[in-house]
Amino acid sequence: MTVLTAHPGLPEFDYIKPKTLAEASTFLAEHPKDARIFVGGTDVFVRMRDGFWKEKYLVDVKGLDGMKAISFDPKAGLTIGAAVNMNQIVASPEVKQHYPLLAEAAHSVASYQLRTRATIAGNVCNASPAGDTIGACIVFNGTLSVYSVNGLRREPLSTFFLGPGRTKLQPGDIVTTIHLPLPPKGAAGKYIKLGRNNIGDLAIIGVTALGCPDGEIPSGYRFRIALASVAPVPLVPAAAEKILAEKPITEAVIAEAADAAMEVATPIDDVRGSARYRKLMVRNLTRQAVTEVWSKISNQSPVISSQ
């Protein structure tokens, strides 16, 4: 009798541990279809086990220079090594003080045990539309440092994502750090994740909002918004941001911006929620997130409509 199992185990692969970034990049470039970068492994092992990824080589880069470092400069901002795990982000005093939005998003990822392996860089480079920490990195105007056989370059996250699982990374590219500039003075943020349960689930939708005073625009306040799990790539609803920049901030204006965010969302139907449900929740949770941020940066009590 043949016994079938849904999870037959990992396929065979060779474990490669290069000593330098140059060595790692060269190997990856020479094996574009057979080699994959290995850092945390939380997605790699699952997808290899399930037969979606069939690479022959896993290239471990987490021990290379700068990969495990996290540093903050009062002028330049935050630099996160690609192998820094989520729990380190959550616990970092500098992150909690200057980028609490990022800590909030990282804390929403899966379980504590998984966060000891999962990394911000992995969350970004997997390019899942549902990535929890991607929104925070986008609204903070994050950039990636990418090492390749041609040297080091910077990739802004605003143009990094090309589709589900697709980015501007090429064979031989290795993300070494994520850099977040210093947040604007007086900034505050909020991440709201809608899942089927409170802990551990992928986002049905996710809304990230960051706001700050800005005397150079008509409303006096600037907002950045990023939506997760509602489009092929992490989505920035520019029309919603424009409404909040050009009109005095009121409950009605926030609702108008939330409607604009809903209009640009193009979610799909799947087992976790219908497209219609997701669009409506984009409106509701964008309104909630912006309202909470507005209450923080304006010192006003939040008023959230029940509609």
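Provided above is the structure to which this section pertains.
How each quantity is defined
- Residues numbered from 1 in each chain as written.
- Predicted model: local features only at pLDDT ≥ 70, side-chain atom pairs only at ≥ 80, totals over all residues.
- Heavy atoms only, no water.
- Pairing = 2+ DSSP bridges.
- Helix = DSSP H or I, 4+ residues; strand = E, 2+ residues; numbered from the N terminus.
- Axes fitted to C-alpha atoms, helices over the stretch in contact; angles between N-to-C directions.
- Contact = heavy atoms within 4.5 Å.

Caption draft 1: The sheet that holds strand β4 (residues 70–73), seen in detail. Strands sit in the order β4-β5-β10-β6-β7 across an open sheet of five strands; the sheet is antiparallel. Edge positions in the sheet fall to β4 and β7 (151–156), since each of these pairs with one other strand and no more. Across the sheet, the mean angle from the axis of one strand to that of its neighbour is 20 degrees, orientation sign disregarded. Inspection of the sheet shows strand β5 (residues 77–81) paired to strand β10 (residues 174–180) by four bridges, in the antiparallel sense. Note that in β10 the partner of I80 across the bridge is I178. Together, β6 (143–148) and β10 form the strand contacts of helix α1 (residues 21–30), whose direction differs from that of β10 by roughly 120 degrees.

Caption draft 2: Broad picture of the sheet that holds strand β12 (residues 205–213). Taken in spatial order, the three strands line up as β11-β12-β13 in an open sheet, and their pairing is antiparallel. Bordering the open sheet on either side are β11 (188–194) and β13 (221–228), each of which pairs with just one other strand. For this sheet the average axis-to-axis angle between neighbouring strands, irrespective of direction, equals 10 degrees. The pairing of β12 with β13 spans eight bridges and is classified as antiparallel. Bridge assignment links L210 to a residue of β13, and that residue is R224.

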